[in-house]
Amino acid sequence: MTTIYFDKQIFSYLFKSKEDKHRNLLQKIIENKKDFIFLYSDAHLHDLYQDSTTLKYEELKFMKEIVDSNHLVYIYPCIQADYQEPLVGFTSLKPLEDTTWVEDLDFENPQGELESLVLNAIDIWVQDSYESLSPLWFFERIPIKTGSSNRKEVLHWIKDVNNNYFGRRDVYKSFRNNSIKVYNPYRKRANKFEDVDNIIKEYFPKSSFDEITNATLHQLGISAQYHPIKYIIEYNYLDSWGICPEKGKTVATRNMLIDSFHGFMASYCDILVCNDSNMRKKNQILYERYNIDTQIYTLDEFIDKFDEAIANNKKTAKEYIDETIDDHTNGKTVKVETYNNTTCTHIQTSHSYFGYFNQMVDIPSENGWAIILSKRNGLNQSLLFKEIEIIVNRISKVFYEIGYEYQPFCIETESEQLKEDKWISRCWETPNFIMRLDKIQGQASLCLIIYPLTN
């Protein structure tokens, strides 16, 4: 556990709570920030934007105590982190209902995907408003490819959506009830991704959930198959079709959009902490779908997991090596594959090695075998310099404690090496093993390679 994402409600809960267990958690977070990275995104800021009181500014200051300036953003094709304090981000935030961006678009001669998305979304909205949208519109409707609206017409429809749909719970509830009648009339619920496909096939016997969402992207004129909009669409289908619905009294389109963006951005991290059971379930299903390793916990569950992570980060070099070798010797083989003429045996892991690596692969070497430890995540994403710094310093420290030279991370020189993808690795030679910490070239991934020494 290194990167952690709190849902906005968790920040609010900790901000207001007077319970000892939450005060103790906050103290541990502050005391151990050198070993963990807490992050936030614009979804937190949009949540706070709905607060009409000045209390939100106190919450923003409180957030900074935990996240510092670790801000997640999506820049195609991956989630990245920049450095911006929450209060600074909030003061420059434009609300979701803002329409000034429309002025920069040309709808009569659309050139990019954004114009196409807006034009097609409005057309779908209009057809649905007049009850002329076929239930099979994903496959039957012909997407708009040329401009048929001017900027004034587009603004009219966007403002209509903002005023009459976006924030109104009664309208979303009615929309969801109608969708459930068509696509999930028996109101079946899902606990895993396989359940979703089974429910979908009752209405679309020849189509999978993936085919439907890809068809939706096509309808909107979006070409990228991995895209935040795809995640948001799937999250909203899970709710609006009653597969994992939120409570009707509290949900509106605006909330669903923000919640789905929380889930997407949290997929960058090792941990998502959220007390909303339906939000957790929707994200668990989508993380399973995309093979994302992000673990989801309630706040009380996280308190225990955080204690475990703190303890795990304080193990000795011998403890880390022993649990690695134990899994390598006794672990179950998950799969075997060939990559660049090398046989790679994936071994089931039962530890978080050095408090970070969660994947083990055995490969042949000149000395018989080698272990590659890495951190698996299903998304294309960047790697924080801070994350590399934490792991380099942690492993350097445990070896320094048994007599090796301390090799801490140097941000001034190594950040430039990382930018150029020419990072200099670390190496330690023990009486039985050689261990090398390296970054996989061209990928956002650290790995620890362990070779046995020959006699």
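You'll find the structure just up there.
None of these values were measured; they are calculated from a predicted model.

**Digging into the overall build of the protein chain**
Here is step 1 of the chain: Check the secondary structure of the protein chain and you find 18 helices and 13 strands.
Here is step 2 of the chain: Looking at the 455 residues of the protein chain, the share that counts as buried comes to 51%.
Here is step 3 of the chain: In the protein chain, 66% of the contacts between residues at least 6 apart in sequence involve partners at least 24 apart.
Here is step 4 of the chain: If you sum the accessible surface of the protein chain, you get close to 22400 Å²; carbon and sulfur atoms cover 49% of it.
Here is step 5 of the chain: The averaged location of the 67 negative side-chain charges in the protein chain is 5 Å from the averaged location of its 52 positive side-chain charges.

**Points about the sheet that holds strand 3 (residues 70–75)**
Hydrogen bonds between backbone groups are what pair the strands of a sheet, and the pairing can be parallel or antiparallel.
Here is step 1 of the chain: The six strands lie next to each other as 4-3-2-1-5-6, forming an open sheet whose pairing is mixed. Lying at the two open borders of the sheet, with one neighbouring strand each, are strand 4 (78–83) and strand 6 (295–297). Adjacent strand axes in the sheet meet at a mean angle of 35 degrees when their direction is disregarded.
Here is step 2 of the chain: Pairing of strand 5 (residues 271–273) with strand 6, which is carried by three bridges, proceeds in the parallel orientation.

**Observations regarding the packing of helix 12 (residues 228–240) against helix 13 (residues 253–266)**
Here is step 1 of the chain: In the contact formed by helix 12 and helix 13, the axes pass within 9 Å of each other and the chain directions differ by 125 degrees. Taken together, the axes of helix 12 and helix 13 lie oblique to each other. Considering the relative orientation of helix 12 and helix 13, their crossing is right-handed. For the pair formed by helix 12 and helix 13, the contact residues are Pro 228, Tyr 231, Ile 232, Tyr 235, Asn 236 and Asp 239 on the first element and Met 256, Leu 257, Asp 259, Ser 260, Phe 261, Gly 263 and Phe 264 on the second.
Here is step 2 of the chain: The class makeup of the residues in the contact of helix 12 with helix 13 is eight nonpolar, three polar and two charged.

**A word on helix 17 (residues 385–400)**
The periodicity of an α-helix, 3.6 residues per turn, causes residues three or four places apart in sequence to face the same way.
Here is step 1 of the chain: Under the 1.5 Å per step criterion, the end-to-end length of helix 17 is 22 Å for 16 residues, consistent within 8% with the ideal 22 Å.
Here is step 2 of the chain: Of all the positions in helix 17, only Glu 387, Ile 388, Ile 390, Ile 391, Val 392, Asn 393, Arg 394, Ile 395, Ser 396, Val 398 and Phe 399 are classed as buried.

**Quick notes on the packing of aromatic side chains**
Here is step 1 of the chain: The full count for this structure, using the stated rule, is 37 aromatic pairs.
Here is step 2 of the chain: Look at Tyr 183 and Tyr 203: their rings are 5.4 Å apart centre to centre, the planes differ by 85 degrees, and that puts the pair in the edge-to-face class. Highlighted residues: Tyr 183 in helix 9 (residues 169–183) and Tyr 203 in helix 10 (residues 193–203), separated in sequence by 20 residues.
Here is step 3 of the chain: Each ring, one from Phe 302 and one from Phe 306, has its centre 5.2 Å from the other, and the planes form 25 degrees; the classification is stacked. Linking Phe 302 with Phe 306, this pair stays in helix 15 (residues 299–312), spanning four residues, or about one helical turn.
Here is step 4 of the chain: Residue Phe 302 is classed as buried on the basis of its relative accessible area, which comes to 0%.
Here is step 5 of the chain: The class for Phe 306 is buried, based on a relative accessible area of 0%.
Here is step 6 of the chain: One aromatic cluster is present, built from ring pairs that chain together Trp 137, Phe 138, Phe 139, Tyr 183, Tyr 203, Phe 204, Tyr 237 and Trp 241.
Here is step 7 of the chain: Against the face of Tyr 290 rests Arg 289, its NZ or CZ located 4.7 Å from the ring centre.

**Thoughts on the environment of Asp 270**
Here is step 1 of the chain: With respect to the secondary-structure elements, Asp 270 resides in the loop between helix 13 and strand 5.
Here is step 2 of the chain: Remark: the alpha-carbon pair of Asp 270 and Thr 2, spanning 268 residues in sequence, is separated by 6.5 Å.
Here is step 3 of the chain: Setting aside chain neighbours within four positions, we find Asp 270 in contact with Met 1, Thr 2, Thr 3, Asp 293, Thr 294, Gln 295 and Lys 375.
Here is step 4 of the chain: A polar contact is formed between the side chain of Asp 270 and the backbone nitrogen of Thr 2, at a distance of 2.6 Å.

The rules behind the values
- Residues numbered from 1 in each chain as written.
- Predicted model: local features only at pLDDT ≥ 70, side-chain atom pairs only at ≥ 80, totals over all residues.
- Heavy atoms only, no water.
- Helix = DSSP H or I, 4+ residues; strand = E, 2+ residues; numbered from the N terminus.
- Buried < 20%, exposed > 50% of the residue type's maximum accessible area, 1.4 Å probe, protein only.
- Contact = heavy atoms within 4.5 Å.
- Areas by Shrake-Rupley, 256 points an atom, 1.4 Å probe, with all protein chains shown as cover.
- Lys, Arg positive; Asp, Glu negative; His and termini not counted.
- Charge placed at Lys NZ, Arg CZ, Asp CG, Glu CD.
- Pairing = 2+ DSSP bridges.
- Axes fitted to C-alpha atoms, helices over the stretch in contact; angles between N-to-C directions.
- Parallel < 35°, antiparallel > 145°, perpendicular 65-115°, else oblique.
- Left-handed = near helix turned anticlockwise from the far one by under 90°.
- Nonpolar A, V, L, I, M, F, W, Y, C, P; charged D, E, K, R; others polar.
- Expected span 1.5 Å × (residues − 1).
- Phe/Tyr/Trp six-rings, centres within 6.5 Å; stacked < 30°, edge-to-face > 60°.
- Lys NZ or Arg CZ within 6 Å of the ring centre and 35° of its normal.
- Polar contact = N/O pair within 3.5 Å; in protein donor to acceptor, adjacent residues only side chain to side chain.

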